[in-house]
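What the coordinates show
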Amino acid sequence: MRKHTNAMSLVGSLVIFLALTGAFGVDTLSVHPDKANVITFPQLEAKFIRFLITSTNGGEPCIDEIELYGEDKETNLALATAGSEATASSCLPGHAIHRIPHLNDGQVGNGHSWIAAGTVDEWAQIELPEATLIEEVVFSRDRTGVYRDRTPIGFEILLSIDGREWKSVRKVRSPAPSSAGPSKIPVPPPPSKEDTETPTLESTIRDEDSLLRYAFLGEEHAWLKTHGRADLSSELVPYNGRVKEYPRHRGDDTIPLPNLESAPILDGSPDDECWERSSRGVVRVAHMAGFNQSPCVEHMLYAGRHDGNLFLFLRIDRLLSSHLAVISNSDGDGIGVVAYQKEELAFLTYDGNGNVVETTPLEGGYDDYLTAFEIKIPLNLIPECTAKGIRMGLGMGGKHTSPTGRPINLFFSNFAMGQIEDDQNGRFQIRLVASSTEEIQFKGNTADLKDGLTLAPGELRILSIAPQEGAIGPEYDLHVQEDGKDYSLHLFHYDPAKRSLNLMEEMIERLASKGVNIQGERELLSAFREKHSRFGSLNLQNSRAGRDFFFEVRRAKRNLFFKDPELSRMQRILFAKRHPFEPSHNYSVNLDARFRPGGGIHLLEIPSNSGRLDPGALK
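Residues numbered from 1 in each chain as written. Predicted model: local features only at pLDDT ≥ 70, side-chain atom pairs only at ≥ 80, totals over all residues. Heavy atoms only, no water.

1. Description of the sheet that holds strand S17 (residues 363-366)
Taken together, the 5 strands give an open sheet; going across it, the order is S10-S11-S12-S18-S17, and neighbouring strands pair in antiparallel fashion. At either end of the open sheet lies a strand with only one pairing partner, and these are strand S10 (279-286) and S17. Averaged over all adjacent pairs, the angle separating strand axes in this sheet is 20°, with direction ignored. Where S17 and strand S18 (residues 372-378) come together, 4 bridges link them in antiparallel fashion. What sits directly across from Gly-364, in S18, is Ile-375. (Pairing = 2+ DSSP bridges. Helix = DSSP H or I, 4+ residues; strand = E, 2+ residues; numbered from the N terminus. Axes fitted to C-alpha atoms, helices over the stretch in contact; angles between N-to-C directions.)

Following this line, the structure appears as structure tokens:
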């Protein structure tokens, strides 16, 4: 395998070799998604070699090949053809191209790779036929240079003789490489309609309420990132080698691509009957425009095929970029962009420098608000998609979202699956529709599917699923198996008010245990709970009433926080104020600032009112 690496791979390998053999005295090195990364350590006998991944530059970790070498650098000991066996902690379901045996099949590229099902402490392992002296592990994410996301940037190499007792031989942290790939897709421009732009909240801050709204909006954005509902900037991970858990991503929807009985009328309206028998998936990204709009932006995609064409209905909260979708087959071939430009829809393809090489007009329609699009795409624009499936990237223009977007994966099938409107009790409802020509059998992780479900030709069935309590809203990860293939929907409703209510209730109990009188807050919480029950989760996300209610709850929680008696020591704070020069840490300001020092020693006194700190009364 090593003899197939190119010159640039050897250069990258040499840099990593020098770093790990102590030339620079550190375990920090640059991992390259598109190169053979060589990890060298003192020679040791082992039968089991485990690659433990603690962080990536975004999403579940992906490895297209693991190689193992002893003194003979021409003999890859990891190959399955040499009798070695690959295992892993988990594997992303529903993708035939991302399987555990691809770890040591001798083939590189995203189409012959392994992807874990989770993001935290996942591992890939090679078991050799017999214990052998090992001194080098080689791995890559996508040696063909197409994909750059999911690259392991924090990992540990563990060796064992028996598979039970392990010895750590190398721990590595890497600056996060860019996850924006394939590189031939440029960063999308903003929408071309001026009325889709929303003034940023920073430009409207004038008073305490506005400041709080801005702070709470930033907090919401942090929640979405922390709990895997939005992308996290690769520049923030890892932080001094201590971040092992993030960025976390809750997974991408994988849905069947059914055959539609008829084609829709392309007018930007979902009224066509065919959409009721299509599949539906969702992509969520974050975008902070203003407090009155939730930072969680949903892109709901309805999809089906008819007469050699792919038909899409895309509904979004608000348009974030002129790139509506980035489309390719699951290997990344035939990649192009469905773009809204000059009030027309087109399919754009690019060269390696990000220049448009071909523009194909598309039939389609959209509404006046640019939140609903119907699009017809000839399937011949996506080579081999029938066999390999389609990757549909959405959400471009979101904060930290790559130019290729977050994917919904579609695979040609004879049934449809998608979420419809929740029932009156807030239960998720899922529609399964069999094709008109054959009987379909399902299994899955819900009560209705646990023992199997059979649909007659053309039959439609609604599944009702009780949501699980999530950190920032009700959720459920649905997995369905049909004809040996796995499909998934990551069901979720963002509910920031409920999260604040739960945190407020915890704070009430904590302060009560300290002897603080919180009777008034208990009554307020009860009133909030009653009001919340009258809202639907969907209304709370983006409606003005829902946003105002969230602000009311979040502000009440803040006021409660200031009753904590332990905050009394913060009423008088002595601090040194300096003028910052792009600092990343406080020591940067004080020790290596490139400017004439200024500022001074200051005393901050925070007023109190009836035993509660009152920062708003500061003058």
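2. Details of the confidence of the model for the chain
On average, residues of the chain score 84 in pLDDT, and 83% of them are at 70 or above. Of the regions scoring below 50 in pLDDT, residues 179-183 engages in 14 contacts with residues more than four places distant in sequence or in other chains. Of the regions scoring below 50 in pLDDT, residues 581-589 engages in 9 contacts with residues more than four places distant in sequence or in other chains. (pLDDT = per-residue confidence, 0-100. Contact = heavy atoms within 4.5 Å.)

3. Details of the environment of Lys-171
The topology assignment puts Lys-171 in strand S8 (residues 167-173). C-alpha of Lys-171 to C-alpha of Gly-154: the two residues are 17 residues apart in sequence and 7.8 Å apart in space. Residue contacts for Lys-171: discarding those within four places in its chain leaves Asp-27, Phe-155 and Glu-156.

4. Some thoughts on the sheet that holds strand S21 (residues 415-420)
The strand order across the open sheet built from 3 strands is S21-S22-S25, with neighbouring strands paired in antiparallel fashion. The strands lining the two open edges of the sheet, one partner per strand, are S21 and strand S25 (460-465). Across the sheet, the mean angle separating the axes of adjacent strands is 20° when strand polarity is ignored. With 6 bridges joining them, S21 and strand S22 (residues 428-434) adopt antiparallel strand pairing. Bridge pairing in S22 links Met-417 to Leu-432.

5. Re the packing of helix H5 (residues 519-534) against helix H7 (residues 544-561)
For any two helices packed against each other, one specifies the inter-axial angle together with the distance between the axes. At a minimum axis separation of 12 Å, H5 and H7 run at an interaxial angle of 160°. Here H7 runs roughly antiparallel to H5, going by the angle between their axes. Of the two possible hands of crossing, H5 and H7 adopt the one that is left-handed. When H5 is examined against H7, the residues Glu-521, Leu-524, Phe-528, Lys-531 and His-532 are found in contact with a partner set consisting of Phe-549, Glu-552, Val-553, Ala-556 and Leu-560. Looking at side-chain class alone, the contact of H5 with H7 contains 6 nonpolar, 1 polar and 3 charged residues. (Parallel < 35°, antiparallel > 145°, perpendicular 65-115°, else oblique. Left-handed = near helix turned anticlockwise from the far one by under 90°. Nonpolar A, V, L, I, M, F, W, Y, C, P; charged D, E, K, R; others polar.)

6. Quick word on the packing of aromatic side chains
Tallied over the entire structure, the rule returns 18 aromatic pairs. Relative to Phe-313, the ring of Tyr-302 has its centre 5.7 Å away and its plane inclined at 50°; by these criteria the two rings are tilted. In this pair, Tyr-302 is assigned in strand S11 (residues 296-306) and Phe-313 in strand S12 (residues 309-316), connecting sequence segments 11 residues apart. Per residue, the accessibility class of Tyr-302 equals that of Phe-313, and both read buried. Among the aromatic residues, those joined into a ring-pair cluster are Phe-216, Trp-223, Phe-291, Phe-550 and Phe-551. A cation sits over an aromatic face here: Arg-213 above Phe-551, 4.0 Å from the ring centre. Lying over the aromatic face of Phe-291, Arg-547 brings its terminal NZ or CZ to 4.6 Å of the ring centre. (Phe/Tyr/Trp six-rings, centres within 6.5 Å; stacked < 30°, edge-to-face > 60°. Buried < 20%, exposed > 50% of the residue type's maximum accessible area, 1.4 Å probe, protein only. Lys NZ or Arg CZ within 6 Å of the ring centre and 35° of its normal.)

7. Focus: unusual backbone geometry
Although it is not a glycine, His-400 sits at a positive phi angle of roughly 70°. Tracing the chain through its elements places His-400 in the loop between strand S19 (390-394) and strand S20 (406-412). Positive phi, normally seen in glycine, also occurs at Asp-483, with a value near 55°. With respect to the element layout, Asp-483 can be found in the loop between strand S26 (475-482) and strand S27 (485-492).

8. Looking at empty space enclosed by the protein
Under the counting rule described, the total for this entry stands at 5 cavities of 30 Å³ or more. Of the pockets and cavities examined, the largest cavity occupies roughly 130 Å³. If you tally residues by element for the lining of the largest cavity, the top one is S10, at 3 residues. Class assignment for the residues of the lining of the largest cavity results in 3 nonpolar, 4 polar and 6 charged. By volume, the second largest cavity is sized at about 60 Å³. Taken together, His-299, Leu-314, Ile-316, Leu-319, Leu-320, Ser-321, His-323, Leu-324, Gly-395 and Met-396 make up the lining of the second largest cavity. Elements that contribute at least two residues to the lining of the second largest cavity include exactly S12 and strand S13 (323-329). Partitioning the lining of the second largest cavity into residue classes produces 6 nonpolar, 4 polar and no charged. (1 Å grid on protein atoms, 1.4 Å probe; cavity = no way out; pocket = protein on both sides within 12 Å on 5 of 7 lines; lining within 4 Å. Points joined across faces, edges and corners; volume = space filled by probe spheres on them.)

9. Some words on the environment of Ile-100
Summarising the element assignment, Ile-100 is placed in the loop between strand S4 (85-88) and strand S5 (114-115). By relative accessible area, which is 21% here, Ile-100 ends up partly exposed. In the structure, Ile-100 is positioned 10 residues away from Ser-90 in sequence and 8.5 Å away in space, judged by C-alpha atoms.

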